[in-house]
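Here's the letter readout for the chains.
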2 protein chains.
Amino acid sequence: MASFSSYIFLIILFIISVGASKIKSIYLPGTYQSSLLVKKHDEKTKIPFKTHYFPQILDHFTFLPRSSKVFYQKYLINDQYWHKGGGPIFVYTGNEGNIEWFAVNTGFMIDIAPKFNALLVFIEHRFYGDSMPFGNNSYKSAKTLGYLNSQQALADYAVLIRSLKQNLSSDSSPVVVFGGSYGGMLAAWFRLKYPHIAIGAVASSAPILQFDKITPWSSFYDAVSQDFKDASLNCYKVIKGSWAELDALSTHDDGLIEVSKLFRTCKALHSVYSARDWLWEAFVYTAMVNYPTEANFMMPLPAYPVEEMCKIIDGLPKGASKLSKAFAAASLYYNYTQTEKCFNLEGGTDSHGLHGWDWQACTEMVMPMTCSNESMFPLSSFSYKEFTQDCKKQFGVKPRPHWITTEFGGYRIEQVLKRFGSNMIFSNGMQDPWSRGGVLKNISSSIVALITQKGAHHVDFRSETKNDPDWLIMQRKQEVAIIEKWLEEYYKDLKQN
Amino acid sequence: MASFSSYIFLIILFIISVGASKIKSIYLPGTYQSSLLVKKHDEKTKIPFKTHYFPQILDHFTFLPRSSKVFYQKYLINDQYWHKGGGPIFVYTGNEGNIEWFAVNTGFMIDIAPKFNALLVFIEHRFYGDSMPFGNNSYKSAKTLGYLNSQQALADYAVLIRSLKQNLSSDSSPVVVFGGSYGGMLAAWFRLKYPHIAIGAVASSAPILQFDKITPWSSFYDAVSQDFKDASLNCYKVIKGSWAELDALSTHDDGLIEVSKLFRTCKALHSVYSARDWLWEAFVYTAMVNYPTEANFMMPLPAYPVEEMCKIIDGLPKGASKLSKAFAAASLYYNYTQTEKCFNLEGGTDSHGLHGWDWQACTEMVMPMTCSNESMFPLSSFSYKEFTQDCKKQFGVKPRPHWITTEFGGYRIEQVLKRFGSNMIFSNGMQDPWSRGGVLKNISSSIVALITQKGAHHVDFRSETKNDPDWLIMQRKQEVAIIEKWLEEYYKDLKQN
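None of these values were measured; they are calculated from a predicted model.

Regarding the overall build of chain A
The helix and strand tally for chain A stands at 18 helices and 12 strands. The burial tally for chain A puts 66% of its 497 residues in the buried class. Surface accessibility of chain A: about 17800 Å² in total, with carbon and sulfur atoms responsible for 52%.

Here it is as structure tokens:
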């Protein structure tokens, strides 16, 4: 076992959430996230939406004196394409971040809205962005954070959608929910739990099977590694070998200085772990966003960035150290635009209080992950006991690791949903390591899996570009055709009743 | 409008729950219930079940410091017929009362268990019977009662069933849920929300459409009245006319004394309303339990007790007052066994703290009911505003009258469930006034309505008797055949996977 053996990296979409056991020694969660979101804040003005706030109830599932407290939940509306006389409503079920960020990165919905004469609604998830039930105190302790979870979020969406439809006098408008990543999980679960509110769900890159023992715990990092191996076996080997070199440096007297130099840090490093996490993040995120076109989701990156990283590694002289090659590859992720003179590996602050996912990971969203010997990452294991101890320490809360599968299912999903439910699309790109925890096979005639071998993390939800490959154009067309079928069926049924 | 115009009678199954506005002036809720349950307590020893207690979590839907508190939830098990190697598990989703009471009155499950080699499990609903999250303080205030609601109860069942299956090493055993009345609503909702845990639901007399504006508010009392009208038009007219006579007496100087005498009360009455409620209860409950055989569900009663009541009314001399006739008819309900020398119309105490339904009615289970001119009851209306004021006064809680339909649906149920869900039986007897809020039409090939014209409140769930009419035998056979089909399908699917 490598020295990081108990180090668990839980990543969902773009939020880095490290196993609580190591948070103390590595970096503040949300470090990278917060700077990203600052950027996104600037983009607010560009998006074609009007911002609204809905008076939402704090706790849908108890009637304690505090439960009925109201907070203001943000949602965005675009009605420029909507046919008000019954046209469909496309709702994005917001995930762990500012809702503008998802609106910007879900251009697919804007692209197809005119065709469907659809109203677009993006709803922010409670405890993210501006939707803070207790204002600046929302993240103060378990007494406030305790209201942050997926079931409350789904109920928020149900209440808000129902109210919105009433206010718009469009009770008969069919609602289709969309979501990517955790938002995709929410969309899928919303269709399952609230079929009377949403007639269908498009869940892109939704790892609803990444819980409990449903999906092998090593699958995520194995998949990241496979992406690199597919690009170049040498590349995979170099990265796999780089950790030991970093380890060796960490025991060295001048190790920190050497690493700081090698990694061109703006300030001298305090911990060699920072370098490891910096590399780790670059490889994992690049695998997730291994898009077929130039894109700027996490960071500006070229088309098929994993291949580009491996080209960098393979192009360096044989004599260079593996660590320096890994650094060079990771630099693509952090500095594709060539604007960075040095790198800040440490010292990010959680200025936006966006570590909500850490809380969720410590309560219900327990996704055990390990690194196997097949992966390019250092071996690591997962222990419920340690995880529980860490969460108690960090948040004073005990995880309920089997709750999500109790509440939403997951085991034998094919058998269950073959006879229950309908109108769901699970889309996945196999480049995306999250795909391994997704639904990858058709379950019934109307619960379908759309898989692309070269696709990455909810690439189908991105705005169309002139460089989109055929398979992506095709995937989106399939999605549009399926949604059309749902709507036709709905309107036909409506007429009959 | 009669003087009782704002008097709302909310009855579910056997718990009398009067509109909070009048509770103060009438009687304590649960009066009749508590004495019934005392009886049932004595029957505990007779039922073929072993009692267990499950450490249940207080709040499934938040992670506040208090949420993970554990309480002990009672459940009953009978494994004498069970085929442990994968045999099915039949679970009764307990409703608002002692679980033994439901076990005793759901003989159908015991009757069919040998045929299916089924394990029988009856789970008690939180805040009823012995399943008190805060012991004797459970009903103290909104701070404790706030955890009493249907979603928490469903989650309890999910967690308990999953744990039970693990402990019994019978993970592949299919679970079918059963429930009557509110328990039937829970069974239906459980199948909808937890299809990965229950493969099917048998919901008997489950008024899942008795919410919001789905079912006409006057339908319940209109249905009670129709039962009496069908038995005898004169009978209906006599009862309809009796209220005015009672009203007239209430303005009389010696009115209370006269009423006490007429109603053969053991003690002089304090309020003439007590007599009204006493009559009201007798007529409503008798309509609900208008069973085709002698039975003792609410009270010992002969077969088709509504007809018997009307025979009493029609048999009395023309000159007798309507009120005296109504009293004579109601006496059948309270004194079929002829053991009562006088009647206690007042002074019941809520010794078992069983007014949980009042809390539920004041929070989520808001079922507006009115009495129309067509009914045999005094005209009455319903106002959300008044209802809210009363609930605030009584419990310090504000009802969420649209929450149940948001959480569980109900509007356009046929359109929604035609394309979603499967394996549900909604059985209803049209004698039962609750049937009007039930699902009365087949929705799909596997979501079916079994209706009997002469059936009453979950009569199909009662133990078979040698006097059962053919239509009842047939209804139960249909249910068994449908459950068989679900199980066959399940085992077939299981084999294929």
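A few points about the relation of the copies chain A and chain B
When chain A is brought onto chain B, the operation consists of a screw motion whose angular component is 180° and whose axial shift is 0.0 Å, with 0.0 Å RMSD remaining. Those values place the two copies in the arrangement expected of a two-fold rotation axis. Among all residues of chain A, the one whose C-alpha sits closest to the rotation axis is Gly421(A), at a distance of 2.5 Å.

Some thoughts on the state of the cysteines
Residues and elements named next belong to chain A. According to the stated counting rule, one finds six disulfides over all chains in the structure shown. Each disulfide pairs two cysteine sulfurs, and for Cys 235 the partner residue is Cys 310, the sulfurs being separated by 2.1 Å. With the S-S dihedral at roughly -65°, the linkage between Cys 235 and Cys 310 falls on the left-handed side. Separated by 75 residues along the polypeptide, Cys 235 in helix H9 (residues 233-251) and Cys 310 in helix H12 (residues 305-315) bring together distant segments of the chain. According to the relative accessible area criterion, Cys 310 is buried, its value standing at 2%. Paired by a disulfide, Cys 266 and Cys 342 hold their sulfur atoms 2.0 Å apart.

Things to note about the interface of chain A and chain B
Across the boundary between the two partners, chain A contributes 58 residues, which contact 58 residues of chain B. Between chain A and chain B the total buried area reaches about 5000 Å² when both faces are included, carbon and sulfur atoms providing 54% of it. The three residues of chain A that bury the most area against chain B are Phe63(A), Arg400(A) and Phe420(A), which together make up 18% of that side's buried surface. The interface formed by chain A and chain B includes eight salt bridges. In this structure, Asp493(B) engages Lys418(A) in a salt bridge whose closest nitrogen and oxygen atoms are separated by 3.1 Å. Applying the counting rule to chain A against chain B returns 42 residue pairs in polar contact (both at pLDDT 80 or more). The element best represented in the side of chain A that touches chain B is helix H6 (residues 150-167) of chain A, accounting for six residues.

As for the sheet that holds strand E11 (residues 424-429) of chain B
Residues and elements named next belong to chain B. Read from one edge to the other, the open sheet built from eight strands follows the order E3-E4-E6-E5-E7-E8-E11-E12, with strand pairing classed as mixed. Strands with a single pairing partner mark the edges of an open sheet, and in this sheet they are strand E3 (50-57) and strand E12 (447-452). Neighbour to neighbour, the strand axes of the sheet diverge by 20° on average, direction disregarded. Here five bridges tie strand E7 (residues 175-180) to strand E8 (residues 200-204), and the two strands are oriented parallel to one another. Counted as the bridge partner of Gly 180 is Ser 204 from E8.

Structural notes on the sheet that holds strand E8 (residues 200-204) of chain A
All names here are of chain A. In space, the eight strands of this open sheet follow the order E3-E4-E6-E5-E7-E8-E11-E12, with mixed pairing throughout. If you trace the sheet from one side to the other, it starts and ends with strand E3 (50-57) and strand E12 (447-452), each paired once. Along the sheet, successive strands turn relative to each other by an average axial angle of 20°, direction set aside. Taken together, the four bridges between E8 and strand E11 (residues 424-429) define a ladder with parallel strand orientation. Paired with Val 202 across the bridge in E11 is Ile 425. Here helix H7 (residues 182-193) sits on the sheet in contact with strand E5 (89-93), strand E7 (175-180), E8 and E11, set at roughly 150° to E7.

Structural notes on the confidence of the model for chain A
Taken residue by residue, chain A gives an average pLDDT of 89. The fraction at 70 or more is 90%. Predicted complex metrics record ipTM = 0.92 and pTM = 0.93.

Quick look at H9(A)
Residues and elements named next belong to chain A. Between the first and last C-alpha of H9 there are 29 Å, a value that for 19 residues agrees with the 27 Å anticipated at 1.5 Å per step. Within the span of H9, buried status applies to Cys 235, Tyr 236, Val 238, Ile 239, Gly 241, Ser 242, Trp 243, Leu 246 and Leu 249. You can read the cap of H9 off the contacts: a side-chain oxygen lies 3.3 Å from the backbone nitrogen of Asn 234, and it is on Ser 232.

Describing the packing of aromatic side chains
In the structure shown here, the tally under the stated rule is 82 aromatic pairs over all chains. Seen from their ring centres, Trp278(B) and Tyr334(B) are 4.2 Å apart, and the 15° between their planes marks the pair as stacked. Of this pair, Trp278(B) sits in helix H11 (residues 272-288) while Tyr334(B) sits in helix H13 (residues 322-335), and the two are 56 residues apart along the sequence. Put simply, the rings of Phe220(A), Tyr221(A), Phe228(A), Trp243(A), Trp280(A), Phe283(A), Phe377(A) and Trp434(A) pair up and form one aromatic cluster. Above the ring of Tyr236(A), the side-chain terminus of Lys229(A) is found at 4.6 Å from the ring centroid.

Here's the deal with the packing of helix H8 (residues 219-231) of chain B against helix H12 (residues 305-315) of chain B
Residues and elements named next belong to chain B. Interhelical geometry of H8 versus H12 gives an angle of 60° and a closest axis separation of 9 Å. Here H8 is positioned oblique relative to H12, judged by the angle of their axes. The handedness of the crossing between H8 and H12 comes out as right-handed. Two secondary-structure elements touch here, H8 through Asp 227, Phe 228 and Ala 231 and H12 through Val 306, Glu 307, Met 309 and Cys 310. A per-class count over the contact of H8 with H12 returns five nonpolar, no polar and two charged.

Focus on the nonpolar core
Ranked by internal contacts, the top residues of the largest apolar core, which has 318 residues, are Phe178(A), Phe228(A), Phe283(A), Phe178(B), Phe228(B) and Phe283(B). With sequence-adjacent residues up to four places away left out, Phe178(A) is seen in contact with Phe90(A), Val91(A), Tyr92(A), Thr93(A), Phe108(A), Met109(A), Ile112(A), Ala187(A), Val202(A), Phe461(A) and Ile483(A).

Examining the environment of Pro88(B)
Residues and elements named next belong to chain B. Within the fold, Pro 88 resides in the loop between strand E4 (70-78) and strand E5 (89-93). Note: C-alpha distance between Pro 88 and Gly 437 (349 residues apart in sequence) is 30 Å. Non-local contacts of Pro 88, meaning those with residues more than four positions away in its chain, are made with Trp 82, Phe 116, Asn 117, Ala 118, Leu 119, Pro 174, Leu 487 and Tyr 491.

Let's talk about unusual backbone geometry
Residue and element names in this part refer to chain A. Here the phi dihedral of Asn 117 falls at roughly 50°; this positive angle occurs in a residue that is not glycine. Looking at where Asn 117 falls in the secondary structure, it is placed in the loop between helix H4 (107-116) and strand E6 (119-123). Since its relative accessible area comes to 36%, Asn 117 is described here as partly exposed. We note that Arg 412 has phi near 50°; this positive angle belongs to a residue other than glycine. If you trace the backbone, Arg 412 turns up in the loop between helix H16 (403-408) and helix H17 (413-418).

Regarding the pattern of salt bridges
Evaluation of the coordinates by the stated rule reveals 24 salt bridges over all chains. In this structure, Glu407(A) engages Lys193(A) in a salt bridge whose closest nitrogen and oxygen atoms are separated by 3.6 Å. Of this pair, Glu407(A) sits in helix H16 while Lys193(A) sits in helix H7, and the two are 214 residues apart along the sequence. Of the two residues, Glu407(A) and Lys193(A), neither departs from the other in class, the shared state being buried. Sharing partners across several salt bridges, the network here consists of Lys418(A), Arg419(A), Glu489(B) and Asp493(B).

Digging into the side chain of Ser372(B)
Inspection of the secondary structure puts Ser372(B) in the loop between helix H14 (356-361) and helix H15 (384-395). If we skip the residues at most four places from it in the chain, Ser372(B) touches Ser218(B), Asp222(B), Phe377(B) and Leu379(B).

A closer look at H6(A)
Taking 1.5 Å per residue, 18 residues should reach 26 Å; H6(A) reaches 25 Å between its end C-alpha atoms and fits that length. Taken from the residues just after H6(A), Ser169(A) is the one with a positive phi, measuring 50°.

Structural notes on a nonpolar patch on the surface
A cluster of nonpolar residues, Tyr53(A), Val70(A) and Tyr72(A), forms a patch on the protein surface that exposes about 310 Å² of accessible area. You can see Tyr53(A) is positioned in strand E3.

Re the pairing of E12(A)
Residue and element names in this part refer to chain A. Burial within E12 is extensive, with five of its six residues counted as buried. For E11 and E12, the ladder comprises six bridges, and the chain directions are parallel. Across the sheet, Gly 429 pairs through a bridge with Thr 452, a residue of E12.

Let's talk about the packing of helix H11 (residues 272-288) of chain A against H12(A)
All names here are of chain A. Relative orientation of the contacting elements H11 and H12 amounts to 135°, with a least axis distance of 8 Å. With respect to each other, H11 and H12 are oriented oblique. Taking contact as the criterion, the partners of Ala 282, Phe 283, Thr 286 and Ala 287 in H11 are, on H12, Pro 305, Val 306 and Met 309. In terms of residue class, the contact of H11 with H12 is built from six nonpolar, one polar and no charged.

The rules behind each value
Residues numbered from 1 in each chain as written. Chains lettered and ligands numbered in written order. Predicted model: local features only at pLDDT ≥ 70, side-chain atom pairs only at ≥ 80, totals over all residues. Heavy atoms only, no water. Helix = DSSP H or I, 4+ residues; strand = E, 2+ residues; numbered from the N terminus. Buried < 20%, exposed > 50% of the residue type's maximum accessible area, 1.4 Å probe, protein only. Areas by Shrake-Rupley, 256 points an atom, 1.4 Å probe, with all protein chains shown as cover. Least-squares fit on C-alpha atoms with pLDDT ≥ 70 in both. Disulfide = S-S within 2.5 Å. Contact = heavy atoms within 4.5 Å. Buried area = accessible area lost by both parts, 1.4 Å probe. Salt bridge = Lys/Arg side-chain N within 4 Å of Asp/Glu carboxyl O. Polar contact = N/O pair within 3.5 Å; in protein donor to acceptor, adjacent residues only side chain to side chain. Pairing = 2+ DSSP bridges. Axes fitted to C-alpha atoms, helices over the stretch in contact; angles between N-to-C directions. pLDDT = per-residue confidence, 0-100. Expected span 1.5 Å × (residues − 1). Phe/Tyr/Trp six-rings, centres within 6.5 Å; stacked < 30°, edge-to-face > 60°. Lys NZ or Arg CZ within 6 Å of the ring centre and 35° of its normal. Parallel < 35°, antiparallel > 145°, perpendicular 65-115°, else oblique. Left-handed = near helix turned anticlockwise from the far one by under 90°. Nonpolar A, V, L, I, M, F, W, Y, C, P; charged D, E, K, R; others polar. Core = buried A, V, L, I, M, F, W, Y, C linked by side-chain atoms within 4.5 Å. Patch = residues over 30% accessible without salt bridge, like charges linked within 9 Å, V, L, I, M, F, W, Y side chains within 5 Å.

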